[in-house]
Amino acid sequence: MSESLIRLEAAAPFDFWSTLQAHGWVDLLPNEYHPESQSFSRVQQLASGKVVQLNISAEQGDGIIPLNVLVAHEGRLSVKDRSEIENVVCHMLRLDEDFSEFYRLCKKNGMPWSQMKPGNGRLLRSPELFEDMVKVICTTNVQWGGTKRMVRELVEQFGEALPGNPNLKAFPLAQAIADVSFEDFQSRVRLGYRTPYIYQLARDFAQGSNCYAKFSDMQIPTEEVRKELLSVKGIGNYAAASVLMLLGRYDEIPVDSVFQQLMSKKYFDGGNFDLKEALAIYQDWGKWKYLAYWFDLLTFHQTAEDTSNSD
DNA sequence: CCCCTACGCCCAACCAGATT
DNA sequence: AATCTGGTTGGGCGTAGGGG
């Protein structure tokens, strides 16, 4: 194994650490979270088939924030490999996304959003839509521990291993799942009722029918993408909103148990509430509803922690 | 179109009985 | 009495699909 360093730059405002911590994705394999070194790593299978390990960290900076991507690999990295890795990191960390309009709204809307640090707002995502869709389906009808287990089993069973380290694997290619029979897939990964959904999704992606490729085209209206997502078995309102967020479309709020709890505790005095009333709270945020809700949630938990610590 | 309910799955908690 | 094993129950969770 040899190591290569790839340097990238993130334009301010950018906050590496908050991008990783803002939601649970960093805890799902093949992502690995290293709080002690303020970095995260990930085994990644490149288009060439080569499996590498990326170790990503950020330096301090006022304007441009330098990012270091330490790549562990076999043989040599081609120019193509290097540029693919740059794209992967750029996509995961959303380096190309522009949040300035969201920041302006935050300043205007008072607490708690006005206290948001510059660079907040990015939520880690996967290099490929397939991985994000599978992971979102694995968050439905289950608690977080179950999600982690299902993703771990998928990676262990169908991911390509890093050369010389059979324990470190990449996220499965859709093709790797589509290559086995349904019965085989079902027996190797315990996904419950999700088994046929994820199997079908893998086959669709493997076929490259490209009905999903257009989702990243921001010219296409979000509502259209949403309808397409809802037609996928296993994806309902909550999952569609989550996938849309991962696609960089923040129009929809994922109504799940986390949302219900926040609404009840923060806005409805701990009691029951009407869903429409709750959603109306974020109505003014337009295409930034998801982020407005999400940072409402994060700051609510933070202040709850602070008050319990000071007791 | 929206609302409602049943569903399917896993896991934690609980319990009974058996074994040290 | 303490620990282990196997079995059962209840809670948690969005989705699918049917009905209004």
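Now for a description of the structure that goes with this document. Treat the numbers as computed from the prediction; the structure is a model and nothing was measured.

## A few points about the overall build of chain A
Now for step 1: Tallying secondary structure elements over chain A gives 13 helices and 7 strands in all.
Now for step 2: Here chain A has a C-alpha radius of gyration of 20 Å; the compact-globule value for 311 residues is 19 Å, and the two agree.
Now for step 3: Each principal axis of the C-alpha atoms in chain A carries an extent, and together these give about 55 × 50 × 45 Å.
Now for step 4: Sorting the 311 residues of chain A into buried and exposed places 48% on the buried side.
Now for step 5: Counting contacts in chain A only where the partners sit at least 6 residues apart, residues at least 24 apart contribute 64% of the total.
Now for step 6: A total accessible area of about 15400 Å² is found for chain A, and carbon and sulfur atoms account for 47% of it.
Now for step 7: In chain A, which carries 32 positive and 41 negative side-chain charges, the distance between the mean positions of the two groups comes to 2 Å.

## Focus on the packing of aromatic side chains
Now for step 1: Counted under the stated rule, the structure contains 20 aromatic pairs.
Now for step 2: Measuring from ring centre to ring centre gives 5.6 Å for Phe158 and Phe185, while their planes differ by 50°; the resulting arrangement is tilted. Of this pair, Phe158 sits in helix α5 (residues 144–158) while Phe185 sits in helix α7 (residues 182–188); the two residues are 27 residues apart in sequence, bridging distant segments of the chain. In terms of burial, Phe158 and Phe185 fall into one category: buried.
Now for step 3: An angle of 15° between the planes, with centres 5.7 Å apart, marks the rings of Tyr250 and Trp288 as stacked. Remark: Trp288 occurs in the loop between α12 (275–280) and α13 (289–310) and Tyr250 occurs in the loop between α10 (237–246) and α11 (257–267); sequence separation between them is 38 residues.
Now for step 4: Here Tyr250 falls in the buried class, since its relative accessible area comes to 2%.
Now for step 5: You can call Trp288 buried: its relative accessible area is 6%.
Now for step 6: Chaining the aromatic ring pairs together yields one cluster made of Phe99, Phe102, Tyr103, Trp113, Tyr250, Trp285 and Trp288.

## So, the sheet that holds strand β5 (residues 64–73)
Now for step 1: Across the sheet, 5 strands lie side by side as β1-β5-β4-β3-β2; this open sheet has antiparallel pairing. Each having just a single partner strand, β1 (2–11) and β2 (31–34) make up the two edges of the open sheet. In this sheet, adjacent strand axes meet at a mean angle of 20° when their direction is disregarded.

## Looking at the protein's contact with DNA strand C
Now for step 1: Around DNA strand C there are 15 residues in total, and Asn141, Gly234, Gly236, Ala239 and Ser257 lie nearest to it.
Now for step 2: The sugar-phosphate share of atoms of DNA strand C within 4 Å of the protein amounts to 72%.
Now for step 3: Separating a phosphate oxygen of DNA strand C from a backbone N or O atom of Gly234 is a distance of 2.3 Å.
Now for step 4: At 2.9 Å from a phosphate oxygen of DNA strand C is found a main-chain nitrogen or oxygen belonging to Ala239.
Now for step 5: Here the element with the most residues in the surface near DNA strand C is α10; it accounts for 3 residues.
Now for step 6: When its residues are assigned to classes, the surface near DNA strand C shows 6 nonpolar, 7 polar and 2 charged.

## So, the nonpolar core
Now for step 1: In terms of nonpolar packing, the biggest core is built from 91 residues, with Ile85, Phe185 and Tyr282 touching the most fellow members.
Now for step 2: The next biggest cluster of nonpolar side chains, apart from the first, holds 5 residues, and it includes Val51, Leu162, Leu168 and Ala170.

## Quick notes on the pattern of salt bridges
When their charged atoms lie close together, side chains carrying opposite charge are able to pair.
Now for step 1: The full count for this structure, using the stated rule, is 13 salt bridges.
Now for step 2: Residue Lys266 pairs with Asp296 through a salt bridge whose shortest N-O separation is 2.5 Å. One end of the pair, Lys266, is in helix α11; the other, Asp296, is in helix α13, with 30 residues separating them in the sequence.
Now for step 3: In this structure, a network of salt bridges that share partners links the residues Arg42, Glu131 and Lys135.

## A closer look at the environment of Val258
Now for step 1: Its location among the elements puts Val258 in helix α11.
Now for step 2: Here the alpha-carbon distance between Val258 and Tyr290, two residues 32 residues apart in the chain, equals 13 Å.
Now for step 3: Residues in contact with Val258, not counting those within four places in the same chain, are Tyr293 and Leu297.

## Quick notes on the protein's contact with DNA strand B
Now for step 1: Taken together, the residues surrounding DNA strand B are Asn141, Arg149, Arg190, Gly192, Tyr193 and Lys276.
Now for step 2: Close to the protein, within 4 Å, the atoms of DNA strand B belong to sugar or phosphate groups at a rate of 93%.

Rules used in this analysis
Residues numbered from 1 in each chain as written. Chains lettered and ligands numbered in written order. Predicted model: local features only at pLDDT ≥ 70, side-chain atom pairs only at ≥ 80, totals over all residues. Heavy atoms only, no water. Helix = DSSP H or I, 4+ residues; strand = E, 2+ residues; numbered from the N terminus. Rg over C-alpha atoms; globule rule 2.2 N^0.38 Å. Buried < 20%, exposed > 50% of the residue type's maximum accessible area, 1.4 Å probe, protein only. Contact = heavy atoms within 4.5 Å. Areas by Shrake-Rupley, 256 points an atom, 1.4 Å probe, with all protein chains shown as cover. Lys, Arg positive; Asp, Glu negative; His and termini not counted. Charge placed at Lys NZ, Arg CZ, Asp CG, Glu CD. Phe/Tyr/Trp six-rings, centres within 6.5 Å; stacked < 30°, edge-to-face > 60°. Pairing = 2+ DSSP bridges. Axes fitted to C-alpha atoms, helices over the stretch in contact; angles between N-to-C directions. Near = heavy atom within 4 Å. Polar contact = N/O pair within 3.5 Å; in protein donor to acceptor, adjacent residues only side chain to side chain. Nonpolar A, V, L, I, M, F, W, Y, C, P; charged D, E, K, R; others polar. Core = buried A, V, L, I, M, F, W, Y, C linked by side-chain atoms within 4.5 Å. Salt bridge = Lys/Arg side-chain N within 4 Å of Asp/Glu carboxyl O.

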